[in-house]
Amino acid sequence: MTGKVDETLGYEQARDELIEVVRRLEAGGTTLEESLALWERGEELAKVCRRWLEGARARLDAALAEEGPEEVDAGAE
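Since we're looking at a predicted model, the values are computed, not measured.

Reading guide: rules and limits
Residues numbered from 1 in each chain as written. Predicted model: local features only at pLDDT ≥ 70, side-chain atom pairs only at ≥ 80, totals over all residues. Heavy atoms only, no water. Helix = DSSP H or I, 4+ residues; strand = E, 2+ residues; numbered from the N terminus. Buried < 20%, exposed > 50% of the residue type's maximum accessible area, 1.4 Å probe, protein only. Salt bridge = Lys/Arg side-chain N within 4 Å of Asp/Glu carboxyl O. Polar contact = N/O pair within 3.5 Å; in protein donor to acceptor, adjacent residues only side chain to side chain. Core = buried A, V, L, I, M, F, W, Y, C linked by side-chain atoms within 4.5 Å. Contact = heavy atoms within 4.5 Å.

S.K.: How would you sum up the overall build of the protein chain? Please name residues and give values.
M.R.: Assigned secondary structure in the protein chain consists of 2 helices and 0 strands. Within the span of the protein chain, comprising 77 residues, buried residues form 17% of the whole.

S.K.: Can you lay out the pattern of salt bridges for me, pointing to particular residues and giving the numbers?
M.R.: Taken as a whole, this structure holds 3 salt bridges when the rule is applied. Between Arg41 and Glu17 there is a salt bridge whose closest N-O contact spans 2.6 Å. In this pair, Arg41 sits in helix 2 (residues 32-75) while Glu17 sits in helix 1 (residues 11-27), placing the two residues 24 residues apart along the sequence. Under the relative-accessibility criterion, Glu17 is labelled partly exposed at 27%. Among the salt bridges present, the one from Arg23 reaches Glu20, with a minimum N-O distance of 2.5 Å. With a gap of 3 residues between them, Arg23 and Glu20 both fall in helix 1, about one helical turn apart. Residue Arg23 is classed as partly exposed on the basis of its relative accessible area, which comes to 46%.

S.K.: An account of the environment of Arg15 is needed here, citing residue identities and associated values.
M.R.: If you trace the backbone, Arg15 turns up in helix 1. On the basis of relative accessible area, Arg15 is assigned to the partly exposed category, the value being 32%. In sequence terms Arg15 and Cys49 are 34 residues apart; their C-alpha atoms lie 6.5 Å from each other.

S.K.: Requested: an account of the side chain of Arg41, with residues and values cited.
M.R.: For Arg41, a relative accessible area of 9% puts it in the buried group. For Arg41, the side chain forms a polar contact with the side chain of Glu17, separated by 2.6 Å.

S.K.: Before we move on, could you go through the nonpolar core and cite the residues and values that matter?
M.R.: If you look at the biggest cluster of nonpolar residues, it comprises 7 residues: Leu9, Ala14, Val21, Leu38, Leu45, Val48 and Cys49. For this core, the secondary-structure elements that each account for two or more residues are helix 1 and helix 2. Among all residues touching Cys49, those that are not within four sequence positions of it are Tyr11, Ala14 and Arg15.

S.K.: Which residues make up the environment of Val21, and what are the values?
M.R.: Relative to the assigned elements, Val21 resides in helix 1. Spatially, the C-alpha atom of Val21 lies 7.7 Å from that of Arg41, the residues being 20 residues apart in sequence. Once residues within four sequence positions are removed from consideration, Val21 is found in contact with Leu38, Arg41, Gly42 and Leu45.

Here it is as structure tokens:
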């Protein structure tokens, strides 16, 4: 396990690794030390995913703001 998550890790990569970490924790059979290391890795990966999702939300909000209220209202019908 690495100490820090690579900042260039993509959303899908981080999500897939996070799924694997959760699977391993749920399966059990690891030592306390291994479980703690997996949990810490999972927390780091969750932060990466959260940053990607927050960035995507900001881009969507910015794009919607550029459209203006008239175009947004017309699309809702």
